[in-house]
Amino acid sequence: MPQHTLTTQTPWYKGPKKFTGPLLRDVLVAAGAQGDALTAIALNDDKVEAPMEDVRRFDVLLARLLDDQPMSTRDKGLLFIVYPFDRHVELRSERYYSRSAWQLRRIQVK
Amino acid sequence: MAAASHSGEVNRHAPVSAGAPAVHRQSASGWLLAIGLALLLAFAAATWVQLRQVSLVSAAMRHEGDNLLWSFFQLELEAANLREALHVARRDPLDAIGQEGLRRRYEIFASRLPLVDPERTGVLLEFGPQHRRTLRRIQAFLDRYDTQLSESVATVLQPAVLEQALQDLQGLLTELHDLALEGNRYPAEQVAERNRGVAEQVRLGIGLTVFQCALALAFAMVVLRQFGALQRRGLELEQLTRRLQEARAEAEAASQAKSVFLANMSHELRTPFTGMLGMLTLLESIPLTAQQRDHLHVARDSARHLLSNALKFTESGRLDLKVSLSAGQTASAGPAGPAGPAAAPAADSPHVEAGRLLRLRIDVCDTGIGMDPATQARLFQRFSQGDASTSRRFGGSGLGLEISRALARLMGGDIGVHSRPGEGSVFSLMLPVQLCEPMHAALAPARSEGDASSEDSRRLPLLVVDDHPVNRRYMSLLLERMGHRVSLAQDGQEALDRVQQEPPDLVFMDVHMPGLDGLAATRLLRQLAAPANAVPVVALTADAFLENRERVMEAGMDDFLVKPAAPDEASQLLRRRFGARATPPHPHPQPDEDGPAALPALQQLIPAEVAEHLNIDTIGDLRNALGAAGYGRLLQRFFADEVGTWRQRSVERAGRRRRPGPCGRSPDGRVVFDHACHRPLRPTHHRAGAQALRGGGAAGLRCGPDAPQVRQRPAWSAPRPFPV
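Per chain, residues are indexed from 1 in the order of the written sequence. In the order they appear in the text, chains get letters beginning with A and ligands get numbers beginning with 1. With pLDDT at 70 or above as the cut-off, local features in this predicted model cover only qualifying residues; side-chain atom pairs require 80 or more to be listed or tallied, and sums for whole chains, interfaces and linings still use all residues. In computing side-chain properties, one takes all heavy atoms of the structure into account and sets aside hydrogens as well as water.

Visitor: Tell me about the overall build of chain B, and please be specific about residues and values.
Guide: Counting from the N terminus, the helices are the DSSP runs of H or I reaching at least four residues and the strands are the DSSP runs of E reaching at least two. When its secondary structure is counted, chain B shows 21 helices and nine strands. The buried share of chain B, reckoned over its 724 residues, is 37%. If you take every contact in chain B between residues at least 6 apart in sequence, the share linking residues at least 24 apart comes to 70%. Exposure was quantified through the Shrake-Rupley algorithm and a 1.4 Å probe, taking into account, for residues, occlusion by the shown protein chains and nothing else. Split by element, the accessible area of chain B, about 40,700 Å² in all, is 59% carbon and sulfur. Using a 1.4 Å probe on the protein chains alone, a residue whose accessible area is under 20% of its type maximum counts as buried, one over 50% counts as exposed, and one in between counts as partly exposed. Here a residue-residue contact requires only that any non-hydrogen atoms of the pair lie within 4.5 Å.

Visitor: Tell me what's going on with the sheet that holds strand β4 (residues 47–51) of chain A, and back it up with residues and numbers.
Guide: Residue and element names in this part refer to chain A. The strand order across the open sheet built from three strands is β4-β3-β9, with neighbouring strands paired in antiparallel fashion. Strands at the two margins of the open sheet, each flanked by one partner only, are β4 and β9 (104–109). Averaged over all pairs of adjacent strands, the angle between their axes in this sheet comes to 20 degrees, without regard to strand direction. Strands pair, by our definition, only if DSSP identifies at least two bridges between them. In the sheet, strand β3 (residues 37–42) pairs with β9 via five bridges, with the strands oriented antiparallel. Within β9, the position partnered with Ala 40 by the bridge is Ile 107. Lines fitted to the C-alpha atoms define the axes, with helices restricted to the stretch that makes contact. Angles between their N-to-C directions range from 0 to 180 degrees.

Visitor: Break down the nonpolar core for me, with residues and values.
Guide: Among buried residues, those of type Ala, Val, Leu, Ile, Met, Phe, Trp, Tyr and Cys that are joined through side-chain atoms within 4.5 Å constitute a nonpolar core. Phe 80, Ile 81 and Tyr 83 of chain A are the most contacted members of the largest nonpolar core, which totals 32 residues. Elements that contribute at least two residues to this core include exactly α1 (24–30), β3, β4, α2 (52–57), β5 (61–63), β8 (80–82) and α3 (94–99) of chain A. When residues no more than four places from it in sequence are discounted, the contact partners of Tyr 83 of chain A are Leu 6, Thr 8, Ala 50, Asp 54, Phe 58, Val 60, Leu 91, Tyr 96, Arg 99 and Ser 100 of chain A. Of all hydrophobic cores here, the second largest spans 30 residues; its members include Leu 149, Val 161, Leu 176 and Ala 180 of chain B.

Visitor: Residues and numbers for unusual backbone geometry, please.
Guide: All names here are of chain A. Positive phi, close to 70 degrees, is recorded for Asp 45, a residue that is not glycine. Tracing the sequence through the fold places Asp 45 in the loop between β3 and β4. Classification of Asp 45 by relative accessible area gives partly exposed; the value is 42%. Although it is not a glycine, Asp 67 sits at a positive phi angle of roughly 50 degrees.

Visitor: So what about the interface of chain A and chain B? Which residues, and what values?
Guide: Listed by partner, the interface residues are 16 residues for chain A and 23 residues for chain B. Note: buried area is the sum, over both parts, of the accessible area (probe 1.4 Å) each one loses when the two are combined. Contact with chain B buries surface across chain A, with Pro 11, Asn 44 and Arg 74 of chain A losing the most and accounting together for 33% of the total. We define a salt bridge as a contact between a side-chain nitrogen of Lys or Arg and a carboxyl oxygen of Asp or Glu at a distance within 4 Å. For the interface between chain A and chain B, the tally reads three salt bridges. Across the pair Asp 146 of chain B and Arg 74 of chain A runs a salt bridge, and its minimum N-O distance is 2.4 Å. Residues are grouped as follows: Ala, Val, Leu, Ile, Met, Phe, Trp, Tyr, Cys and Pro are nonpolar; Asp, Glu, Lys and Arg are charged; every other residue, Gly included, is polar. Residue classes in the side of chain A that touches chain B are distributed as five nonpolar, five polar and six charged.

Visitor: Hey, could you go over a nonpolar patch on the surface for me, with residue numbers and the actual values?
Guide: Only residues whose relative accessible area exceeds 30% and that form no salt bridge are eligible for patches; like-charged ones are grouped when within 9 Å, while nonpolar side chains (Val, Leu, Ile, Met, Phe, Trp, Tyr) are grouped when within 5 Å. Judged by side-chain polarity, Val 198, Val 202, Ile 206 and Val 210 of chain B come together as a nonpolar surface patch covering roughly 320 Å² of accessible area. Looking at the element boundaries, Val 210 of chain B is found in helix α6 (residues 159–284).

Visitor: Kindly report on the packing of helix α2 (residues 68–91) of chain B against helix α3 (residues 96–112) of chain B, identifying the contributing residues and their values.
Guide: All names here are of chain B. Packing of α2 against α3 leaves a shortest axis separation of 9 Å and a crossing angle of 160 degrees. Considered as vectors, α2 and α3 are oriented roughly antiparallel to each other. Note on packing geometry: the crossing formed by α2 with α3 is left-handed. Two secondary-structure elements touch here, α2 through Gln 74, Leu 75, Glu 78, Ala 79, Asn 81, Leu 82, Ala 85, Leu 86 and Ala 89 and α3 through Leu 102, Arg 105, Tyr 106, Ile 108, Phe 109 and Arg 112. Looking at the contact of α2 with α3 residue by residue, the classes come out as ten nonpolar, two polar and three charged. An angle counts as roughly parallel when it lies under 35 degrees, as roughly antiparallel when it exceeds 145, as roughly perpendicular when it falls between 65 and 115, and as oblique in every other case. Crossing handedness is defined as follows: a turn of the near helix away from the far one that is anticlockwise and smaller than a right angle gives a left-handed crossing, while the clockwise case is right-handed.

Visitor: Quick rundown of the packing of aromatic side chains? Include the residues and the values.
Guide: The description of an aromatic ring pair uses the distance of the two centres, along with the angle that the planes make with each other. Residue and element names in this part refer to chain A. Pairing of aromatic rings covers Phe, Tyr and the six-membered ring of Trp, with a centre-to-centre limit of 6.5 Å; geometry is then stacked below 30 degrees between planes, edge-to-face above 60, and tilted otherwise. For the structure on display, the rule yields twelve aromatic pairs over all chains. Site record: aromatic cluster; members linked through ring pairs are Trp 12, Tyr 13, Phe 19, Phe 58, Phe 80, Tyr 83, Phe 85, Tyr 96 and Tyr 97. Either the NZ atom of lysine or the CZ atom of arginine qualifies as a charge over a ring when it sits within 6 Å of the ring centre and within 35 degrees of the ring normal. If you follow Lys 76 out to its NZ or CZ, it ends over the ring of Trp 102, 5.4 Å from the centre. Here the guanidinium or amino end of Arg 99 rests over the ring plane of Tyr 96, the centre of that ring lying 5.0 Å away.

Visitor: Pulling in residues and values, what's your account of the sheet that holds strand β7 (residues 506–510) of chain B?
Guide: Residue and element names in this part refer to chain B. Taken in spatial order, the five strands line up as β6-β5-β7-β8-β9 in an open sheet, and their pairing is parallel. What marks the edges here is a single partner per strand, and that holds for β6 (485–489) and β9 (559–562). Pairwise comparison of adjacent strand axes, ignoring direction, gives a mean angle of 20 degrees for this sheet. In this sheet, β9 lies alongside strand β8 (residues 537–541) in parallel orientation, the contact comprising four bridges. Across the sheet, Thr 541 pairs through a bridge with Val 562, a residue of β9. Relative to the sheet, helix α14 (residues 492–501) contacts β5 (461–465), β6 and β7, its axis offset from that of β6 by approximately 135 degrees. Sheet strands touched by helix α15 (residues 518–526): β7 and β8. Its angle to β7, the strand with the most contacts, is close to 150 degrees.

Visitor: Tell me what's going on with the packing of α3 of chain B against helix α5 (residues 129–149) of chain B, and back it up with residues and numbers.
Guide: Residues and elements named next belong to chain B. Where α3 meets α5, the axes come as close as 11 Å, and the angle between the chain directions of the two elements is 150 degrees. The orientation of α3 relative to α5 falls into the category roughly antiparallel. When the axes of α3 and α5 are compared, the crossing they make is left-handed. Here Leu 102, Arg 103, Tyr 106, Phe 109 and Ala 110 of α3 lie close against α5, whose contacting residues are Ile 138, Phe 141, Leu 142, Tyr 145, Asp 146, Gln 148 and Leu 149. Residue composition of the contact of α3 with α5, by class: nine nonpolar, one polar and two charged.

Visitor: Outline α3 of chain B, listing residues and values.
Guide: Multiplying 1.5 Å by the residue count of a helix minus one yields the expected span of that helix. With 17 residues, α3 of chain B should cover 24 Å at 1.5 Å per step; its first-to-last C-alpha distance of 24 Å lies within 8% of that length. Taken residue by residue, α3 of chain B has Gly 98, Gln 99, Leu 102, Arg 103, Arg 105, Tyr 106, Glu 107, Ile 108, Phe 109, Ala 110, Ser 111 and Arg 112 of chain B as its buried positions.

Visitor: Lay out the pairing of β4 of chain A in plain terms, naming residues and giving numbers.
Guide: Residues and elements named next belong to chain A. By the alternation rule, side chains of β4 split into Val 48 and Ala 50, which are all buried, and Lys 47, Glu 49 and Pro 51, of which none is buried. Bridging between β3 and β4 involves five bridges; their strand directions are antiparallel. Note that in β4 the partner of Ile 41 across the bridge is Lys 47. Between the end of β3 and the start of β4, which pair antiparallel, lie four residues, with Asp 45 showing a positive phi angle near 70 degrees.

Visitor: Would you mind going over helix α10 (residues 400–410) of chain B in detail, with residue names and values included?
Guide: Every α-helix winds through 3.6 residues per turn, so residues three or four apart in the chain are directed the same way. All names here are of chain B. Those residues of α10 that sit buried are Glu 402, Arg 405 and Ala 408. One face of α10 carries all of its buried residues, which in axial projection span an arc of 130 degrees. In this structure, the buried residues of α10 make contact with β3 (414–420) and β4 (424–434). At the C-terminal side of α10, Gly 412 shows a positive phi close to 85 degrees. The directions from the helix axis to the C-beta atoms form the arc being described.

Visitor: Can you explain the pairing of β8 of chain B? Please cite residues and give values.
Guide: Residue and element names in this part refer to chain B. Burial within β8 is extensive, with five of its five residues counted as buried. Here β8 shows no split at all, with Val 537, Ala 539 and Thr 541 on one side and Val 538 and Leu 540 on the other all buried. The pairing of β7 with β8 spans four bridges and is classified as parallel. Across the sheet, residue Phe 508 finds its bridge partner in β8, namely Val 538.

Encoded structure:
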């Protein structure tokens, strides 16, 4: 699967960080997932819902590497949904920060 | 009193108002500057406030993003979850899934700690020492158990470790709860604080806006005031312009009056000058020494020049220029004299055919003081000179160059100057000139052609029209003397009849005549059938002025002679028109042999009485023009023609006057004259020439108690034959 790199500032790290991984869009297509909304579920059973529109409009990354290193659970791994916050100013808001699920365990599409 | 105080106020006010606009402008621009600066500052402040608001909000957003409060509760929750997992693992130490779950919980708990790190949350929360200690204890807990509970460790967990971990975690949980509560409290305060800050910012913003409004208003007011002042100034300027225009009109009127005065004066000057010229001409017929003759010529030339050029120019303020060449005149140019400037004529092409148009250029160079460009620009303006100081040093009225240039331009040329201060000047006269056939060839009378019939054919048939018999006779004598055939007419109608019967070569037409005057007659003549309508007409008038000249030309006349027509002017005119035909061989040689003897009647006059009535100027003119014999015949006809009238009038006058006037009888009872003593002059003819002719009559007599007393001998007894 094509790997993408995204360097952006986030609320969770000091300074910009480099994230690497496939686009969430590609992953969902590969999985044959179809629907209007997706629900991301974290290791601690936190859930957050996002419209599929997000995935289409933005290059949302399903990051596996942080600064080229695999992310451990402690580093909010293993998977981290990262929006390109620095590329779109409208993303830098509570709405999209909350949709950036980390310690991702599962994605449900409805 | 009221008027006086009013004017006084105006006077006091005037200088103030003159200085006020400058002060007003200065203060206004100062105000504008101040207001502009204040506005700029206000805008800068507003921008700063806005920027601060934006940064405050965006900072809050970034860090609030993941909801800091939530992070504290999550940490506490994950601690509780970890405790639960520890309990589960302690109950069943061999359960791998339980242990794995425990490790996962441990990692999740550990991953939550950085989210409440003071570095991240410090923007919104103020951490007290208590909280920092709590965070340090959590970090210490993690440091201690990482080697056993971390996912990276695969060893089986000992119950003792689990027990210990549970106890340690229990101690942390209370503090974590406090931290969560504290975290909850701080943001509430922070929000209140921020609201306060925002409110303050908004107030500041409102204040700034109000301030800006006030400034804008002030700005508008100043601008309005400036606009008003501008309008006032415009109005003042308009008034000033109007006043200036009025002043200019006045000045022009004054100038016009001056011109009229000059014209009148010059006209008055013309009268005595005509007399003076006559006298000078007469003097020429007296035996003189060479030196005397020389002086006389200089005097006569000067008087002529003054009369023909200066006075004409002064009278009209403008000049009609007629360029003509006359026999014997050849263009010459060369050094004006040893002290004069050097002149170098330079035609573009020296060898050209007759009729070709050439550009003649004459450069006059000097090595004088020279001029700068500004002075050169002023040089050709009326009443201007090199500079004010040179007018003191070099004199002059500042008219010469202006007149010269006007003349040059009238001739289709120009005068220019190139100069450099200290190096001298070059004045250039440029004229378009047309080469003509050699003058002597065109003008030489063909005297060799001999027989009488051809001579006769070369005599010009001329018609003289004048209502006054003396003038008629004068002209006819003058023209016959030149060898032409002269017929006479008394008025316009008769002239027309004669022209129709037998068109002459030229008509001399008096302008002022009773009945059909000269102008009307000429107009009618031009409407006659050919060839009568093509006969050239020369006006005879005493009005030498330009307007008159234009008027006669408009009527269809071709030329112009000022009365009394000087012989050389008349002959020049004819030569101009008829060339060689104008000077036929003299068919009637009129030697002076019949002199005084032919005039027995006049010899009976008492000398003193004659002297009293002689107009010596006119006699000189006539004598020169007609020769002694011709003049004698003129006198004879004059007396024969008018004697009846004069006798009648002198009798009437003698009856009216106590003392016998200058008009009287000669001892033999013959009436000598006079005509003008009784006959009123026509106002338009009250001119220098006319007075001599009409007043004294062609006989050159004059009347009046102030008539000159000294007459040595009769004017017609000339000392020698008159050479024509």
